[in-house]
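Listed below are the residues making up each chain.
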Amino acid sequence: MAAGTIPYGAIPERHRVAARRRAAEGAAVGLLALATLVGIALLLAILGYVVAQGAPAIDLAFFTQRPKPFGESGGGIQPAIAGTLLLAAVSGLVAIPVGIAAAVFVVEYRSGRFAEPVRFAAELISGLPSIVIGVFVWAFLVHSVVGRFAALAGAIALAVIMVPIVARTVEEVLRLVPGSLREAAFALGAPKWKVIMTVVLPTARAGVVTASILALARSAGETAPLLLTALGNEFFSLDLLRAIDALPLRIYRYAIAPYDDWHVKAWGASLVLVVVIGLVGLLLRIATRERLR
Amino acid sequence: MLSVREAAREDEAAAVAPSDDMRPAAALRTEGLSAFYRGVPAIADVDLTFVRAAVTAIIGPSGCGKSTLLRCIDRMHETTPGAHATGRVYIGDVDVYAPHADPVEVRSMVGMVFQKPNPFPMMSVYDNVAAGPRLRGWKMRRPDLDDLVERNLRRAALWDEVKDKLRRSGAALSGGQQQRLCIARALATDPAVLLMDEPCSALDPIATYRIEQLIREIASDVTVVIVTHNMQQASRVSDRTAFMLAGEDGIGRLAEVGETSTLFTTPADERTEAYITGRFG
C-alpha cells in the first residue's frame, strides 16, 4: 500500500478484531437468551398443562366436599386441602424457627466448636432421600410411640425435610448482612443476642422469608414421607393424632387409579396444590413486607 | 479553606465561660496498651492521655495501628476473631480492661463512628437515632424518646434536613447525611467519649467540611478521638495530635503527641517532621 505514517494495514485488522468480538458477544447473548427462554417455556408449559388438565375438575364442590367412592360423580378434595394447610402450618412452626436458629448459630457463633458440625449435619440431612426420612419417622414415631398413622408424624417428617433447607438458605442470607452493621450495633453497647434479634435478622428479613417460603413449597409437594406417616384420609380431619389427607397423597391416589374421572381429579388437585403454594408464599410476603420508605 | 477550628474556638469562647467543672482533665488514658491479631502484635506499649472535651487526632501512615488503637479503647478490637489486647485503658477512672469489666458496659460509655457510614438500613432515620437507647433496653416514654431523637439530630446538624423524613429509611439519605446520622446515633446515648475512625474518608469535600465543623461543636462537651490519614484534617479539627508509626518490626508505636499547633510546626521527633512534610507515608 501507499507509504505514509499511518499503517493502513492495521485498520482492516482492527475491524476484523472488532467484528470478531461483536460476533462472540452476539453468540453469548444469544445463548443466554435461549437458556432463559427454555427455562420460562418449561415453566409455562408445566403451569399451562396443569391448568388445562386440571380446570375441568374445578368447581365449588371440589373445595367443599370430601372424596366420593368410585362410581359416584362429584365429590371434592376438601380434606386434602385442609390437611396440607395443617401439615404446612405445624411443620413450618417447628422447622422454620429451628432452621433459623441453626443458621444463626452457624454464622454468628462460627468460632464455637459446634458451628461446623451443625452445618455438616444440615448438609447431610438435606441429602437424605425423603422416603428415608418417612421410614425413619414411621419406625420411631408411628410404629412405637403414637401407635398409628398421625398428622403429627407427617408434620414432623416434613419438618425434618424443611430444617436443612431453611438453615442453609438463611445461612447464606446472614452472611450477606454487612459486618459493619453488627459492628455499629456492638459499638452502641448492645449484647450479642440483641444485635442478632434487632439488627442482623431484621436486615436479612426478606431472605429469611424467602427461605421459609422455599421450604414450605418444597415440603407441601412431598408425597413419599407422608405415605408412611400421615397415610391419607377420605374424611375431613384436623386431629393431629389421626391419619390426615394431603394434596400430594390425594394426587397420588387419584393418579394411580385406573379411572378417567379420577385422573381429571388428580389434575385438579395438582392445580390446587400449585395455587395453594403460590398463595401461601404471597401471603407470607405481604405479611412481612418492608414497611419503610 | 476557612479554619473550622478557629471559628469553632471563637464561638466556644463566646458561648462557654471558663469551666468550673471539677472533672479531671484526662478523660481517657492508655497505659502500656498492646494489641495483637492471632498472637502477632500490631501495636505495642502505647501510653497516651486524651484531654477531656478536646479533639485528639491520631495520624500516621497506613498500617501503623491507628484504627487498632482506637478500637482497643472501647474493646471493639476483640470482636475481630483472634484479636486481643493487653495493658490498661481508663475512661475517667474506669479500667476498661479490668478482669470484671464487661465489654458491653464499656461500649455503652463510648460512641463510635466508622469509616463508611453504616446506618441500619431496615430502620428509619428516627429508629437509627433511637437504636442505642433501645438496644440498651432503656425504658423511655414516647415523648422523651422524640425529644432525644430531635436533640441528637440537632447536635449532628441533621435535623433541618431530615425532620420531614424521619420515617424514611436511614439508607435513603446521602452519604454525608448518613454519616451525620451515624454521629447522631452515637451521641444519642450521651457518651463521654466519641471515637471516630476516618469518618470522612468516604465523603466529598463539602460533606467533610460539615462533619469537621460538627466535630468542633461536639467537642465542647465530649472527648473526641479521631483517626485520620488526612493531615490537613488533623490540623483543622484537633486540639492535640498523636503521631503513630510502625517500626521495622511492623509494630505500631506512639512516636509523638502534643498540641496540634506545636506538632505541626515544631515537631520534636524528626520522623514526625518527615511524615508531616510528606517525605514518607
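Residues numbered from 1 in each chain as written. Chains lettered and ligands numbered in written order. Predicted model: local features only at pLDDT ≥ 70, side-chain atom pairs only at ≥ 80, totals over all residues.

Notes on helix H3 (residues 78-108) of chain A
For an α-helix, the turn length of 3.6 residues means that residues three or four places apart are oriented alike.
Consideration 1: Spanning 31 residues, H3 of chain A covers 44 Å between terminal C-alpha atoms, matching the ideal 45 Å at 1.5 Å per step.
Consideration 2: When the local axis directions of H3 of chain A are compared, the greatest deviation, roughly 35 degrees, occurs at Gly 92 of chain A. (Helix = DSSP H or I, 4+ residues; strand = E, 2+ residues; numbered from the N terminus. Expected span 1.5 Å × (residues − 1). Bend = angle between axes of the 7 residues up to and from the residue.)

Concerning the pairing of strand S7 (residues 193-197) of chain B
Residue and element names in this part refer to chain B.
Consideration 1: Most of S7 is tucked away: five of the five residues are buried.
Consideration 2: Residues Val 193, Leu 195 and Asp 197 line one face of S7 and the alternating positions Leu 194 and Met 196 line the opposite face, and both faces are buried.
Consideration 3: With four bridges connecting them, strand S6 (residues 110-113) and S7 associate as parallel partners. Within S7, the position partnered with Met 112 by the bridge is Leu 195.
Consideration 4: Sheet topology note: the S7/strand S8 (residues 223-227) ladder contains five bridges and is parallel. Residue pairing across strands places Asp 197 opposite Val 227, the latter belonging to S8. (Buried ≥ 20, exposed ≤ 12 C-beta atoms within 10 Å, placed from the backbone. Pairing = 2+ DSSP bridges.)

Some words on the nonpolar core
Consideration 1: Ranked by size, the top nonpolar core spans 160 residues in total, and within it Val 166 and Ala 230 of chain A together with Val 224 and Val 225 of chain B carry the most contacts.
Consideration 2: When residues of this core are assigned to their parent elements, the largest contribution, 18 residues, is made by helix H6 (residues 151-176) of chain A.
Consideration 3: Discounting chain neighbours no more than four positions away, the residues touching Ala 230 of chain A are Leu 87, Phe 149, Ala 151, Ala 153, Gly 154, Ala 243, Ile 244, Ala 246 and Leu 249 of chain A. (Core = buried A, V, L, I, M, F, W, Y, C linked by C-beta atoms within 7 Å. Contact = placed C-beta atoms within 7 Å.)

Some thoughts on the domain arrangement of chain A
Residue and element names in this part refer to chain A.
Consideration 1: Entries for chain A in the domain assignment read domain 1 (10-57) and domain 2 (78-287).
Consideration 2: With centres defined by C-alpha atoms, the gap from domain 1 to domain 2 works out at 34 Å.
Consideration 3: Between domain 1 and domain 2, the residue contacts involve seven residues of the former and seven residues of the latter.
Consideration 4: Per-class residue counts for the side of domain 1 that touches domain 2 are five nonpolar, two polar and no charged. (Domains from an automatic or database assignment. Nonpolar A, V, L, I, M, F, W, Y, C, P; charged D, E, K, R; others polar.)

A word on the environment of Pro 97 of chain A
Consideration 1: Mapped onto the elements, Pro 97 of chain A comes out in helix H3.
Consideration 2: Note: C-alpha distance between Pro 97 of chain A and Leu 188 of chain A (91 residues apart in sequence) is 27 Å.

Notes on unusual backbone geometry
All names here are of chain B.
Consideration 1: One non-glycine residue, Asp 45, lies in the positive phi region at around 50 degrees.
Consideration 2: With respect to the helices and strands, Asp 45 occurs in strand S2 (residues 40-51).
Consideration 3: Phi at Asp 190 takes a positive value of approximately 55 degrees, unusual for a residue other than glycine.
Consideration 4: Its place among the elements puts Asp 190 in the loop between helix H7 (175-187) and S7.
Consideration 5: For Asp 190, a count of 15 C-beta atoms within 10 Å gives the class partly exposed.

Quick notes on the environment of Val 160 of chain A
All names here are of chain A.
Consideration 1: Position of Val 160 relative to the elements: it lies in helix H6.
Consideration 2: Given 22 C-beta atoms within 10 Å, Val 160 falls into the buried group.
Consideration 3: Separated by 59 residues in the primary sequence, Val 160 and Ser 219 have C-alpha atoms spaced 9.6 Å apart.
Consideration 4: Sequence-distant contacts of Val 160, defined by excluding residues within four places in its chain, comprise Ile 125 and Ile 133.

Observations concerning the domain arrangement of chain B
Residues and elements named next belong to chain B.
Consideration 1: Per the domain assignment, the segments making up chain B are domain 1 (1-17 + 26-109 + 193-281) and domain 2 (122-190).
Consideration 2: Between the C-alpha centres of domain 1 and domain 2 the distance comes to 25 Å.
Consideration 3: In this complex, domain 1 contributes ten residues to the contact, which on the side of domain 2 involves twelve residues.
Consideration 4: Per-element accounting of the side of domain 1 that touches domain 2 gives the leading share, five residues, to helix H8 (residues 205-218).
Consideration 5: Residues belonging to the side of domain 1 that touches domain 2 are distributed by class as follows: eight nonpolar, one polar and one charged.

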